[in-house]
Amino acid sequence: MNSNGPDPSAAAFFDVDNTMMVGASIFHFAKGLAARGFFSWRDLARFTSQQVRLRVGGEKPQHLHSSRDSALAFVAGKKVAEIVALGEEIYDEEMASKVWPGTLALARLHLDAGQRTWLVTATPVELATIIARRLELTGALGTVAESIDGVYTGELVGDVLHGEAKAAAVRDLALREGLDLAKCSAYSDSINDLPMLSLVGRAVAVNPDSALRAEARKRGWEVRDFRTGHKAARIGIPAALAAGAAAGSVAAGIAARRAQRRGRFDPALTAVHTFGRRVGDRANSWR
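So, here's what we can say about the structure.

The rules we used
Residues numbered from 1 in each chain as written. Predicted model: local features only at pLDDT ≥ 70, side-chain atom pairs only at ≥ 80, totals over all residues. Heavy atoms only, no water. Pairing = 2+ DSSP bridges. Helix = DSSP H or I, 4+ residues; strand = E, 2+ residues; numbered from the N terminus. Axes fitted to C-alpha atoms, helices over the stretch in contact; angles between N-to-C directions. Contact = heavy atoms within 4.5 Å. Buried < 20%, exposed > 50% of the residue type's maximum accessible area, 1.4 Å probe, protein only. Right-handed = clockwise from strand over helix to strand, strands pointing away.

Here 7 strands make up an open sheet; going across it, the order is 4-3-2-1-5-6-7 and the pairing mixed. Both outer strands of the open sheet, strand 4 (151-157) and strand 7 (222-224), are each paired with one neighbouring strand and no more. Averaged over all adjacent pairs, the angle separating strand axes in this sheet is 30 degrees, with direction ignored. Where strand 5 (residues 185-188) lies against strand 6 (residues 202-206), 4 bridges are found, and the strand directions are parallel. Opposite Y187, over in strand 6, you have V204 as the bridge partner. With respect to the sheet, helix 6 (residues 125-134) is in contact with strand 2 (116-124), strand 3 (139-148) and strand 4, its orientation differing from that of strand 2 by roughly 145 degrees.

Another point: unusual backbone geometry. Across the chain, the bulk of peptide bonds are trans and the bulk of non-glycine residues have phi less than zero. Of note in this structure, N18 is not a glycine but carries a positive phi near 70 degrees. Of note, N18 is situated in the loop between strand 1 (11-14) and helix 1 (25-35). Here N18 falls in the buried class, since its relative accessible area comes to 6%. The phi angle at E136 is positive, at roughly 65 degrees, despite the residue not being glycine. Looking at the element boundaries, E136 is found in the loop between helix 6 and strand 3. Given the relative accessible area of 57%, E136 is considered exposed.

Before going further, it helps to examine the pairing of strand 3. Judged from the 4 bridges that link them, strand 2 and strand 3 form a sheet pairing that is parallel. Looking at strand 3, one finds that P124 is bridged to T143. Where the polypeptide runs from strand 2 across helix 6 and back to strand 3, its parallel neighbour, the crossover connection is right-handed. Examined bridge by bridge, strand 3 and strand 4 share 4 bridges and lie antiparallel to one another. Considered in strand 4, the bridge of S147 is made with Y152. Taking the residues between adjacent antiparallel strands as the criterion, strand 3 and strand 4 are bridged by 2 residues, where D149 takes a positive phi near 55 degrees.

The following block contains the structure:
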């Protein structure tokens, strides 16, 4: 960062999930919507199983498409203004306490140096914008869900902001804002953000997965780990996953018990419940 005064051509880009915030922001949002009856706890359990698969098995294209379709189904036919208002409430209830103080402090350093700071995330741009505003950051780049006359259609505008798409969005922003990427910084926990991290002059691995930790070591990048379970980073399952997996396990357990009382058996729910408990137990044992 420039100690001789603000440099308008320098900026910082922060991933959200497991970088700025513990767990997946879209899961916290979905949990809040489920609590308001937007969809069933069984739907939440299935969505959670997809999120766990993304973190444990890797963000493969078929998993991304499945997760994207589930997320879009949540809001199809809903008014944009209604979802944004709910996002404000759910941020206060589910997300504010999950922001990593260490990562937020890094963002504040950039702001104090007169640099602009953006969140860059696969999370829907409306939710990402709420998070950025509440954290007093400059703005957010996120996945754009199509809306017509203020109502979500259930389709996307462009691609999910992930991998190469994140890097492309950052390049476009740099052109619009007159940024020199060689003077910029980027922060992420995931090897999937390597394209974005490789664009800037200063890349920082925050709470990194095992692949990103190895890449950072090879390239001489800075590593910041704000987790208590450092073994999780070596194994490749973030300790923060314990919270998401446990929550998904609880949701699945509730739905499974309800199904059993009705004389039904749902193997998918039972599998999510069991897997969530195992991941949570493993992550907790690393602390």
